[in-house]
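Residue-level structural notes
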Amino acid sequence: MNALEKRSVLALASVYAMRMLGLFMVLPVFMLLGEDLKDATPALLGFAIGAYGLSQALFQIPFGMLSDRVGRKRMIYIGLVLFAAGSLLAGATDSIYVVIAGRILQGAGAIASVLMALLSDLTREEERTKAMATVGITIGLSFSVSLVLGPLFGAWWGLSGIFYATAALAIVALVIVNRLVPTPHQHKTSPDTHPARDMLGRVLSDGRLLRLDFGIFALHLVLTALFLVFPSMLQEQFGLASRSHWWFYLSVMITSFFAMVPFIIIGEKKRRMKPVLCGAIALLTLATAGFTGVSGSLVAAWAVLFFFFMAFNLLEASLPSLISKEAPAASKGTAMGVYSTSQFMGAFLGGALGGYLLESGGIQGVLWFMVVVLGLWLLVALTMPAPGHTTSFVVQLQQVMSNQYDDIDDNLRRLPGVQDVVIVEEAATAYLKVDRQQFDEALLADFSFVRQAKHS
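What you see is a predicted model, and the numbers here were worked out from it, not measured in a lab.

Thresholds applied
- Residues numbered from 1 in each chain as written.
- Predicted model: local features only at pLDDT ≥ 70, side-chain atom pairs only at ≥ 80, totals over all residues.
- Heavy atoms only, no water.
- Salt bridge = Lys/Arg side-chain N within 4 Å of Asp/Glu carboxyl O.
- Buried < 20%, exposed > 50% of the residue type's maximum accessible area, 1.4 Å probe, protein only.
- pLDDT = per-residue confidence, 0-100.
- Helix = DSSP H or I, 4+ residues; strand = E, 2+ residues; numbered from the N terminus.
- Axes fitted to C-alpha atoms, helices over the stretch in contact; angles between N-to-C directions.
- Parallel < 35°, antiparallel > 145°, perpendicular 65-115°, else oblique.
- Left-handed = near helix turned anticlockwise from the far one by under 90°.
- Contact = heavy atoms within 4.5 Å.
- Nonpolar A, V, L, I, M, F, W, Y, C, P; charged D, E, K, R; others polar.

A few words now on the pattern of salt bridges. Scanning all chains against the criterion turns up 2 salt bridges. Asp420 is paired through a salt bridge with Arg413; the nearest N and O atoms lie 3.9 Å apart. By relative accessible area, which is 12% here, Asp420 ends up buried. What emerges from the salt-bridge pattern is a single network uniting Asp409, Arg413 and Asp420.

Following this line, the structure appears as C-alpha cells:
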C-alpha cells in the first residue's frame, strides 16, 4: 500500500473498531446492571440487547446505496451522529423503554457498508483484500477488548457510564473521519465491492451463499443469547463478582484465539474448509450444551467458555472469507451486504427471543434454544457442498464493439481455472472467479482485448 492507502485503511479501521467497541461493551454487563432499570424484565432486557441489530439489519444496505448519491463521508457523519445520540439517550435514562429506543437509534447509524464502500474508493483493487482483512482484524480485536472493558467500565461508572463512553468514542470517530480520512474525487461503484440492486436476486438464489448467511445468523443469535445468561451464571452460580469478570473473559479470549489459528491454516492451506467448518459448529454446539451442566465449578465454566470461543472465533474468521469465495463474479459487495444483514438480524432475534425464553423458561430454556439453533446449523453445513477455493480477478478491457462481448466472455470461460465471468460493459471490465491453483494469468496476455488484469 502507498502512504495514502495506509492512512485511509488505518483511519477507517479505527472508526469501525470504535463503533463496534461501543456496541459490544454492554454485552457482558447489561443483564446484571440493567436489572436496576425501571420496568425491567428479562424479556425487555433481552430485547434491549438485541434491538440495535434490528435497525442495523434494516438500514445497512440502504445506507450504502444512499452514499452513492449524497457522498460517503456525509452518510458516515449522519450514522455516527445517530449512534452518539442513541448512546446519550440510553445513558441519560433509568427506563428500560428509553434504553430500548436508544439502542434502536444506535443501530440506525448503520454505516458498515458505507465504510467498506469508502475503503473501496480509497484503495487500489490489488490492495483491497489486504485492506478488508485489516478491518476484519480490528473488528475481532474490538470484540475481545470489549469483553474486558465492559466489566471494568461497569464497575467504575455503571451502565450509564458505558453508554456515555460509547458516545465519546463516536465523537472521536467523527473527528477521525473529518481530519484523517481523505475525500475521494469519485465513487467507485464497482458491483464487486459495493451492494448493487441488480445483483441482489442472483445472490439470494444462491444456495451456498444462503447456507453461509444462515450460519452467521445462527452464530450471532447464539452469541447474543449467551450474554443473556452467562454473566449472571458467573455471579450467582460460580460466585465471581461482576467487577472481576474482566480477567475471566481476558484469559479465555487470549487462549481461545491462539488455539483456533492452526485450524484456520488447515482449512485454507490444506483445502479442508468443510471439515474444519463442520467441526467448529459441532464443537460450538457441544460447548453450548456443556453450559447446562457446569453449575458450581468455575474451572469447568472456564473450560466450556474456552471451547465456545475457540469455535466462535474460528467461525467468525472463516465465514466472511467463504462468502467472498462463494459469491458469484461481480457480486461480492452485494453478497457481503446480505451477509451483514443476516448477522445483525441474528443478534436481534438472539436478544429478543432469548429474553422471552429467559423470562418463561429460565437459563436452561435459553441454553437449549441455543443448542437447537446450532444443531440446525450443523445439519445445514453438513449438506453444503465443499466450499470452493476461488478468488476474484478483475480484467480491464480495451474499448470494443458491444457485439464482441459475447466472444470475450466465451474466451475467458475457456481458460483453465475460470469458474465464472461477468462483464460490465459500461465499465469495460470483466469480473472473474478463478481457482488459484489452476488459473495462469499469463495466458491473458494472448488476448488483444485485455488492457490490464489484477487480483481484487
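This paragraph deals with the confidence of the model for the chain. Looking at the chain as a whole, its pLDDT mean stands at 87, while 94% of the residues score no less than 70. Within the chain, no element has a lower average pLDDT than strand β4 (residues 450–455), which sits at 70, and none a higher one than helix α5 (residues 96–108), at 96.

A separate point is the packing of helix α11 (residues 273–290) against helix α13 (residues 332–382). It is the contact of α11 with α13, at a shortest axis distance of 9 Å, that shows an interaxial angle of 165°. With respect to α13, the element α11 is oriented roughly antiparallel. Relative to α13, the crossing made by α11 is left-handed. Residue-level contacts link Lys274, Cys278, Ile281, Ala282, Leu284, Thr285, Thr288 and Ala289 of α11 to Leu367, Trp368, Met370, Val371, Leu374, Gly375, Trp377, Leu378, Ala381 and Leu382 of α13. Per-class residue counts for the contact of α11 with α13 are 14 nonpolar, 3 polar and 1 charged.

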